[in-house]
Amino acid sequence: MKKVAKKGLFRTGLILGLIAALAACSSPSAEQPKNGQGSTEQPAGEAASGEPNGGIAVYGYHDDVMTFWDPSDSYSNEIVAMNNMYETLLRYNPKDQSFDKVLAEEYKVTDDGLTWTFDLRDNVKFHTGAPMTAESVKKSIERTITRGKGAAFIWDALDTINVVDEDTVEFKLKYAAPLDTIVSSGYAAFIFDVDALEKNGEEWINQGHDVGTGPYTVQKWSKGSDLILTYFPDYWQGWKANQFQKVVFKTIPEANTRQQMLEAGDMDFTDQMPIEMVQAMRDKPGIAVTETDSFQQLVMQLNTAKAPFDNPKVRQALAYAIPYDQIVNDILSGTGSQSHGSIPNGLWGHDASLKQYSYDLDKAKALLQEAGVFGGKLTLTYVSGDEFERRIAELLKVELAKLGFDLEVKGMLWEAQWDMAKAQDPTKRQDILLMYWWADYADPYSFLKNLYASEDEIVFNLAYYKNPEYDELVEVAKQVSGVDRQKAIDLYKQAQEILIEDVPGISLYDVKYVRVLRDNFKGYVDNPAYPSVVFFYDTHRE
């Protein structure tokens, strides 16, 4: 899970207090950056097509919104805000798996899939006032690759970036990767004013500043506080009167508080609500509930580096000891479905014909008998505060007891859970780890590479699984996916069949996103390629 679950500080206060605080800010932007040309002045141009006058939108988030501020390094919860401050060349469209043009006006690719050329939009400005050019694109991507953090790995196929002219940029690839998918990623594909960021420095950006081209820019933020964005007057698409002037991301861990604010009309949108609470709110006046398939799974990774899960038969036994139907029906109340393989439904490469394990304790006992394992003590870790994970962990504790195992269940903050999983001494790591995985970009490689490909340094393969045959299948699939998607799908299927047989981990279920919002909050479309992101420019209040 790329989520970093630091608990934020909830600041109490009514919406009136919020409005007053916003009104107290006299300028549309807080301290402004020095731009790449050395100016310290905020651009003050008139909006191309009017001024927004739609008021303030409020997003209630269950955790701290901002973890990373650097657009090259972003790889966590901040995706929900960053995609309103920054933009990419293209944006994935889940309706038909196509790509909408954002900063790119047109693009083309050669028949061999190795050269991609993007024509950029004219008159796009960064929040610093500097123009967005082909050189900006080159600098942004090259900086992200050079830093090598976050999801920078998505650029593995890139050989060189060439500036053809001020508005045209050419990407040369080492192999035929699907670059349209890569440049539309919600992480590591932002185009930003590198000169301004480098001039002002990392400390400056981490204090809560941005250098993007998006419709909104930072007005106010401090660590542990709400994030307030305000509209960017020179946004290239212009503004309409019904669009929001400001967007507030409020950190509110308590679900009942978010419920109260929604019902009172003091909040427009939230997610991560307990199912029982969602059911209770469905018929409340002024409330709407949406459900959408996601590119996200809850994954259980098994420690293949130590006993007893170093034995595949024990891992298979565990796979048969999980009451999948009880999880889907009783814990999720149907807001999810048992996964077929490690690629979620809706993402290309998903294959509903892949084998699913079913609850069968007799098979589990027989496999343990073959393995010569007759119980023992195990440790499971999950992110504290996640009610779904907690309930599943407690259910598994009961089921494993029937097989003679004593399962210790540990709810932990994500940083602590991840640190334990990366311990140098394998005996100090957990036996079972629960975490969510969502797509870095709309590509199966994000799941199959990150979760189970061999790693020299532990990052997210927290099963510590190593299988050269599997690694080869995944890498070849990635390299042909740009020119022969069917071959890539076939190879990814073979890789998943290995995982199903070896069971280094189990994708328990495909998550269904359940959002609760005000019924007069219009324009929101759930895009699974950008989990939990509300593109506020597309929304308004009726």
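Our subject in this report is the structure included herewith.

Once that is clear, we can look at the overall build of the protein chain. Summing up its helical and strand segments, the protein chain has 16 helices and 19 strands in all. By the compact-globule yardstick of 24 Å for 542 residues, the protein chain fits well, its C-alpha radius of gyration being 24 Å. Taking the principal axes of the C-alpha coordinates as reference, the protein chain spans close to 75 × 55 × 40 Å. Scored against the burial criterion, the 542 residues of the protein chain give a buried share of 60%. Relative to all contacts within the protein chain whose residues are 6 or more apart in sequence, the contacts with residues 24 or more apart total 72%. Accessible area of the protein chain: about 20,600 Å², with a carbon and sulfur share of 48%. Side-chain charges of the protein chain comprise 54 positive and 81 negative groups, with the mean position of each set lying 4 Å from the other.

Below, the discussion takes up helix H7 (residues 255-264). Every buried residue of H7 is accounted for by Ala 255, Thr 257, Arg 258, Gln 259, Met 261 and Leu 262. In this structure, the buried side of H7 is in contact with strand E1 (56-61), strand E10 (246-251), strand E11 (269-270), helix H8 (275-281), strand E12 (287-302) and strand E17 (505-518).

Our focus in this paragraph is the side chain of Glu 455. Positionally, Glu 455 belongs in the loop between helix H14 (445-452) and helix H15 (468-480). Within the buried set, Glu 455 has no salt-bridge partner at all; the shortest N-O distance to an opposite charge, 7.3 Å, is to Lys 449. Side-chain polar atoms of Glu 455 contact the backbone nitrogen of Phe 460, separated by 3.3 Å.

Take the sheet that holds strand E5 (residues 115-120) next. Strand order in this open sheet of four strands is E4-E5-E7-E6, and the pairing throughout is antiparallel. The open sheet terminates on both sides in strands that have one partner only, identified here as strand E4 (104-109) and strand E6 (158-165). The average angle at which neighbouring strand axes cross in this sheet is 20°, direction not considered. Bridge count between E5 and strand E7 (residues 168-173): five bridges; the pairing is antiparallel. Note on E7: the bridge partner recorded for Asp 119 is Thr 168. Taken strand by strand, helix H3 (residues 134-147) contacts E5, E6 and E7, and its axis lies near 165° from that of E6.

What follows is about the packing of aromatic side chains. Under the definition given, this model contains 31 aromatic pairs. Judged by centre distance (5.5 Å) and plane angle (80°), the ring pair of Tyr 231 and Trp 239 falls under edge-to-face. The exposure class assigned to Tyr 231 is buried, which follows from its relative accessible area of 16%. Under the relative-accessibility criterion, Trp 239 is labelled buried at 0%. With centroids separated by 5.6 Å and ring planes inclined at 80°, the aromatic side chains of Tyr 530 and Phe 535 adopt a geometry described as edge-to-face. This pair shows no difference in class: Tyr 530 is buried, exactly as Phe 535 is. Ring pairs connect the aromatic residues Tyr 59, Tyr 61, Phe 244, Phe 249, Phe 269, Phe 521, Tyr 524 and Phe 536, which therefore count as one cluster. The lysine or arginine in question, Lys 422, covers the ring of Trp 418, its NZ or CZ lying 3.6 Å from the ring centre. If you follow Arg 515 out to its NZ or CZ, it ends over the ring of Tyr 513, 4.1 Å from the centre.

The rules we used
- Residues numbered from 1 in each chain as written.
- Predicted model: local features only at pLDDT ≥ 70, side-chain atom pairs only at ≥ 80, totals over all residues.
- Heavy atoms only, no water.
- Helix = DSSP H or I, 4+ residues; strand = E, 2+ residues; numbered from the N terminus.
- Rg over C-alpha atoms; globule rule 2.2 N^0.38 Å.
- Buried < 20%, exposed > 50% of the residue type's maximum accessible area, 1.4 Å probe, protein only.
- Contact = heavy atoms within 4.5 Å.
- Areas by Shrake-Rupley, 256 points an atom, 1.4 Å probe, with all protein chains shown as cover.
- Lys, Arg positive; Asp, Glu negative; His and termini not counted.
- Charge placed at Lys NZ, Arg CZ, Asp CG, Glu CD.
- Salt bridge = Lys/Arg side-chain N within 4 Å of Asp/Glu carboxyl O.
- Polar contact = N/O pair within 3.5 Å; in protein donor to acceptor, adjacent residues only side chain to side chain.
- Pairing = 2+ DSSP bridges.
- Axes fitted to C-alpha atoms, helices over the stretch in contact; angles between N-to-C directions.
- Phe/Tyr/Trp six-rings, centres within 6.5 Å; stacked < 30°, edge-to-face > 60°.
- Lys NZ or Arg CZ within 6 Å of the ring centre and 35° of its normal.

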